[in-house]
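Observations on chain architecture
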Amino acid sequence: GSQFHNFNRVVLEDVLEDYKRLELLQSKTLMFSPAYLVKNGIPVTRAIQKPGHFIVTFPRAYHSGFSHGLNCAEAVNFALDDSFFWAKEARDVYRITRFRPVINADELAFKALEHIVKWTRDAFKKLQSENPGETTKQITKQVVESSSKHFFPSLPTRLFHQ
């Protein structure tokens, strides 16, 4: 992914004639010669996938492949901690190129936020009914602590106590 801009420069300038045939980048029939990419300063990596192995393609990385004989293939899109950063960048590129995203990151973010808000509201009401003598500030602190453990278990708790 670190060569994204160089790859686009080489492909758009030399192969696709400056955006005139940009839709080819999303087709499953377009492949670039590894020798051509290397000649133009784009690093190329080769992987051979064996049964039971996974190949992970990182954001902004051009990838292609083909099968030798019969196969059954499956692709899965998944999100890591920094996926929303990459999604914003992809959204900006897709807006310019008019490509349709595989995953609508805006919709995903809003659905996640909607879920967090509902969970937080319900937790607040529950704690409020169970602890009628506590202040709103005390209950809010408890909700923040429990929601941080529930939604972000891998993050350090100190991030939520500022």
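What counts as what
- Residues numbered from 1 in each chain as written.
- Predicted model: local features only at pLDDT ≥ 70, side-chain atom pairs only at ≥ 80, totals over all residues.
- Heavy atoms only, no water.
- Helix = DSSP H or I, 4+ residues; strand = E, 2+ residues; numbered from the N terminus.
- Expected span 1.5 Å × (residues − 1).
- Buried < 20%, exposed > 50% of the residue type's maximum accessible area, 1.4 Å probe, protein only.
- Arc of directions from axis to C-beta.
- Contact = heavy atoms within 4.5 Å.
- Polar contact = N/O pair within 3.5 Å; in protein donor to acceptor, adjacent residues only side chain to side chain.
- Salt bridge = Lys/Arg side-chain N within 4 Å of Asp/Glu carboxyl O.
- Patch = residues over 30% accessible without salt bridge, like charges linked within 9 Å, V, L, I, M, F, W, Y side chains within 5 Å.
- Areas by Shrake-Rupley, 256 points an atom, 1.4 Å probe, with all protein chains shown as cover.

**Side note on helix α3 (residues 83-97)**
Here α3 spans 20 Å end to end across 15 residues, near enough to the 21 Å set by a 1.5 Å rise per residue. Of the positions making up α3, those classed as buried are Ser83, Ala87 and Thr97. The buried residues of α3 occupy one face: seen down the axis, they fall within an arc of 90 degrees. Of the exposed residues in α3, those oriented more than 90 degrees away from the buried face are Phe85, Arg95 and Ile96. For α3, the elements touching its buried residues are α4 (105-130). Residue arginine 98 follows α3 closely and has a positive phi angle near 65 degrees.

**Description of the side chain of serine 147**
Its place among the elements puts serine 147 in helix α5 (residues 136-151). What makes serine 147 buried here is its relative accessible area of 13%. Polar contacts involving the side chain of serine 147 include one to the main-chain carbonyl oxygen of valine 144, which spans 3.2 Å. Those residues in contact with serine 147 that lie beyond four places of it in its chain are Trp119, Thr120 and Phe152.

**Considerations on the pattern of salt bridges**
Enumeration according to the criterion identifies 2 salt bridges in this entry. Linking lysine 118 and aspartate 122 is a salt bridge whose minimum nitrogen-to-oxygen distance equals 2.8 Å. Taken together, the residues lysine 118 and aspartate 122, both in helix α4 and 4 residues apart, mark about one turn of the helix. Across the pair lysine 126 and glutamate 130 runs a salt bridge whose closest N-O atoms are separated by 3.7 Å. Remark: glutamate 130 and lysine 126 occur in helix α4; sequence separation between them is 4 residues, near one turn of the helix. Since its relative accessible area comes to 46%, glutamate 130 is described here as partly exposed.

**Notes on the environment of alanine 123**
Residue placement: alanine 123 occurs in helix α4. You can call alanine 123 buried: its relative accessible area is 13%. Sequence-wise, alanine 123 and serine 147 are 24 residues apart; in three dimensions their C-alpha atoms are separated by 8.4 Å.

**Considerations on a nonpolar patch on the surface**
Where nonpolar side chains cluster on the molecular surface, the patch consists of Val56, Phe58, Val76, Phe78 and Leu80 and spans about 530 Å² of accessible area. On the accessibility criterion, valine 56 (44% relative accessible area) is partly exposed.

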